[in-house]
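Below, each chain spelled out in residue letters.
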Amino acid sequence: MPAKKLSRDEAWEILTQYVDDPSLLAHSQIVEAIMRYYARQNGADEDVWGVTGLLHDMDWQKWETEHTFKATEILRDRGVDEVYIHAIQSHAYHFETEVEPVTLMEKTLYAMDELSGLIYADVQIRPSHSILDVKVKSINKKFRQASFARGIDRNAINEGLAMLNMELNTAIEGCINAMKENVDELGLRGDL
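Residues numbered from 1 in each chain as written. Predicted model: local features only at pLDDT ≥ 70, side-chain atom pairs only at ≥ 80, totals over all residues. Heavy atoms only, no water.

A. Main features of the overall build of the protein chain. Within the protein chain, the secondary structure is distributed over nine helices and zero strands. Going from the N terminus to the C terminus, the protein chain shows its helices and strands as α-α-α-α-α-α-α-α-α. Relative to the globule expectation of 16 Å for 192 residues, the C-alpha radius of gyration of the protein chain, 16 Å, shows essentially globular dimensions. In the protein chain, buried positions account for 52% of the 192 residues. Across the protein chain, contacts joining residues at least 24 apart in sequence account for 66% of those joining residues at least 6 apart. The positive charge centre, built from 20 side chains, and the negative charge centre, built from 33, are 7 Å apart in the protein chain. (Helix = DSSP H or I, 4+ residues; strand = E, 2+ residues; numbered from the N terminus. Rg over C-alpha atoms; globule rule 2.2 N^0.38 Å. Buried < 20%, exposed > 50% of the residue type's maximum accessible area, 1.4 Å probe, protein only. Contact = heavy atoms within 4.5 Å. Lys, Arg positive; Asp, Glu negative; His and termini not counted. Charge placed at Lys NZ, Arg CZ, Asp CG, Glu CD.)

Right under this line is the structure:
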């Protein structure tokens, strides 16, 4: 638990200083919603988990080659608690950092970040453009199709789920539920 919690408003202000790309903002909000959902499932602090999800890619748009390192610098300069910083660093485990996810929050972010991208890609190609008609079976099938959403690292998802001792279908269902709970805020209602 951080010594000093960051409010959602403070996190949004930080995020929007460095991100204005609509798709990256959407991704950040989707991951926030998923992290809040899993915090509730685990009796953890929803605000801490949500803010971490919101900020996890705050440096991606401007400093892709320094991903997580620039965020670390910015957040430390602002006096943000290391709980947030370590989680942001660890979500890029094996990609940009060797900071291993240790806490339940970090492991969840590591697994769900990529998985959320796969689900969002599925929503974008649906005729309805809606999360409301997405089924676990459909996402599981797309997960096994290497040609679908090639940029999604399935190995990271599998590794994260192994860390959590969670089945893929359970994780998919949780992500879909989180996105459905926030369908309008996330702009995922589509035509339904």
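B. Geometry of the packing of helix α4 (residues 69–77) against helix α5 (residues 82–90). The N-to-C vectors of α4 and α5 enclose an angle of 175°; their axes lie 10 Å apart at closest approach. It follows from the interaxial angle that α4 and α5 lie roughly antiparallel. Here α4 contributes A71, T72, L75 and R76 to the contact with α5, which in turn contributes E82, I85, I88 and Q89. Along the lines of polarity and charge, the residues of the contact of α4 with α5 split into four nonpolar, two polar and two charged. (Axes fitted to C-alpha atoms, helices over the stretch in contact; angles between N-to-C directions. Parallel < 35°, antiparallel > 145°, perpendicular 65-115°, else oblique. Nonpolar A, V, L, I, M, F, W, Y, C, P; charged D, E, K, R; others polar.)

C. Broad picture of the packing of α5 against helix α6 (residues 104–125). Where α5 meets α6, the axes come as close as 9 Å, and the angle between the chain directions of the two elements is 35°. The way α5 lies across α6 gives a crossing that is right-handed. Between α5, through V83, H86, A87 and S90, and α6, the contact on the second element is made entirely by M105, E106, L109 and Y110. (Left-handed = near helix turned anticlockwise from the far one by under 90°.)

D. Fine view of the environment of L132. Secondary-structure assignment places L132 in the loop between α6 and α7 (136–144). Each C-alpha atom of the pair L132 and L192 lies 7.2 Å from the other, and the pair is 60 residues apart in sequence. Contacts of L132, omitting those with residues within four sequence positions, involve K180, V183, R189 and L192.

E. Region of the structure containing the pattern of salt bridges. Enumeration according to the criterion identifies 14 salt bridges in this entry. Where R8 meets E32, a salt bridge forms, and the shortest distance between an N and an O atom there is 2.9 Å. Highlighted residues: R8 in helix α1 (residues 8–18) and E32 in helix α2 (residues 22–41), separated in sequence by 24 residues. Among the salt bridges present, the one from R36 reaches E32, with a minimum N-O distance of 3.2 Å. Of the two residues, R36 and E32 are both situated in helix α2; the distance of four residues between them amounts to about one turn of the helix. (Salt bridge = Lys/Arg side-chain N within 4 Å of Asp/Glu carboxyl O.)

F. Broad picture of the packing of aromatic side chains. Counting across every chain of the model gives three aromatic pairs. Ring plane angle 65° and centroid distance 6.0 Å describe the contact between Y93 and Y110, whose orientation is recorded as edge-to-face. Here Y110 lies in helix α6 and Y93 lies in the loop between α5 and α6, a separation of 17 residues in the sequence. Over the ring of W63 we find K70; its NZ or CZ atom is 5.2 Å from the centre of that ring. (Phe/Tyr/Trp six-rings, centres within 6.5 Å; stacked < 30°, edge-to-face > 60°. Lys NZ or Arg CZ within 6 Å of the ring centre and 35° of its normal.)

G. Spatial organisation of the nonpolar core. With 57 residues, the main nonpolar core has L55, M58, M112, L115 and I131 as its most contacted residues. Top element by residues in this core is α2. It accounts for ten residues. With residues up to four places along the chain from it excluded, the contact list for M112 reads I34, Y38, L161, L164, M166, A171 and C175. (Core = buried A, V, L, I, M, F, W, Y, C linked by side-chain atoms within 4.5 Å.)

Purely geometric stuff here, so don't read any function into it on its own.
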